[in-house]
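In case you want the letters, here they are:
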Amino acid sequence: MRGANYKPGGFIGWTYYAQNSDTMGCMQIANPMTLCRASADQIIGSQDTQWNAPRVGLSAETMLTERCRLSTDVAYLPWTDFAGRDHHLLRPTTTFADQRGNGGGGVQVEGVLSYFITNNLSIGVGGRYWAMWTQKDSESICTGCYRGTTATVFSKFSMERWGTFFQASYKVN
């Protein structure tokens, strides 16, 4: 389907999202009277996560005026695969928790409003929202957390990302 000022379509794809983050300094929440042995600029923990998922979605464009275009993508993620590792570096022996899960779902929505300065040059502003989650019976396996033992607990993992962006585009004839 295609018209003079609109163009809808479908797509199938794959999403890969990874994030690595560090925690600096510490604060004792369970017992505020206990002193932390870390300075504000000391890394005390890190988290590495990876998400994989197939995407099935719709994409559409329409010209609102002769120079303004609205583009959108909406995707459903019918299944997700999650892997993470949570490192605890402040303890006498470094411990970590491996986290994994699959079978959940997700959504991804993105939209861009573009203005054509010339036929080849455009600028735009947009927004996006991504959410992914696992099933409730996903696993978190803590190695060395409890005096050398390995403990498994069932968990549900999720992530959400949203934001705005600016873009410029130049089309070469």
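Before any of the text, the structure's been laid out above.
Residues numbered from 1 in each chain as written. Predicted model: local features only at pLDDT ≥ 70, side-chain atom pairs only at ≥ 80, totals over all residues. Heavy atoms only, no water.

What am I meant to see in the pairing of strand β6 (residues 105–116) here?
When a strand is regular, its side chains alternate between the sheet's two faces. Sheet topology note: the strand β3 (residues 68–77)/β6 ladder contains 10 bridges and is antiparallel. Within β6, the position partnered with S71 by the bridge is V112. Bridge count for β6 against strand β7 (residues 121–133) is 12 bridges, and the pairing is antiparallel. Paired with L113 across the two strands is V125, which belongs to β7. Where β6 folds back onto β7 in an antiparallel hairpin, the turn is made up of 4 residues. (Pairing = 2+ DSSP bridges. Helix = DSSP H or I, 4+ residues; strand = E, 2+ residues; numbered from the N terminus.)

Got a minute to help me understand the environment of T164 in this structure?
Structurally, the position occupied by T164 is in strand β10 (residues 158–170). For the pair formed by T164 and E110, sequence separation is 54 residues and the distance between their alpha carbons is 9.5 Å. Beyond its immediate sequence surroundings of up to four residues, T164 is in contact with G126 and G127. (Contact = heavy atoms within 4.5 Å.)

Whenever I open this one, the nonpolar core confuses me. Can you help?
Nonpolar side chains tend to gather and get buried jointly when the protein is soluble and globular. Of all hydrophobic cores here, the largest spans 9 residues; its members are Y17, W51, A53, A75, L77, F82, M132, F157 and M159. Of all the secondary-structure elements, those providing two or more residues to this core are β2 (43–63) and β3. Those residues in contact with Y17 that sit more than four places away from it in its chain are T49, Q50, W51, W130, M132, M159 and R161. (Core = buried A, V, L, I, M, F, W, Y, C linked by side-chain atoms within 4.5 Å. Buried < 20%, exposed > 50% of the residue type's maximum accessible area, 1.4 Å probe, protein only.)

Help me understand the environment of R67 in this model?
Tracing the chain through its elements places R67 in the loop between β2 and β3. Counting along the chain gives 48 residues from R67 to Y115, while the straight-line C-alpha distance between them is 5.5 Å. Non-local contacts of R67, meaning those with residues more than four positions away in its chain, are made with S114, Y115, F116, I117 and T118. Among the polar contacts made by the side chain of R67, one reaches the main-chain carbonyl oxygen of I117 at a distance of 3.5 Å. (Polar contact = N/O pair within 3.5 Å; in protein donor to acceptor, adjacent residues only side chain to side chain.)

How should I be thinking about the packing of aromatic side chains in this particular structure?
For any pair of aromatic rings, the description rests on two quantities: the centre-to-centre distance and the angle between the ring planes. For the structure shown, the criterion picks out 3 aromatic pairs. Both rings, one in W51 and one in F82, keep their centres 4.7 Å apart while their planes meet at 45°; by these two values the pair is tilted. With W51 in strand β2 and F82 in strand β4 (residues 81–88), this pair connects stretches of sequence that are 31 residues apart. Take F82: its relative accessible area is 4%, and that puts it in the buried class. (Phe/Tyr/Trp six-rings, centres within 6.5 Å; stacked < 30°, edge-to-face > 60°.)

What is the right way to read the environment of S158 from this model?
Its place among the elements puts S158 in strand β10. Once the C-alpha coordinates of S158 and M132 are considered, the two residues, 26 residues apart in sequence, prove to be 5.6 Å apart. If near-sequence neighbours (up to four positions away) are discounted, S158 is found in contact with W51, M132 and W133.

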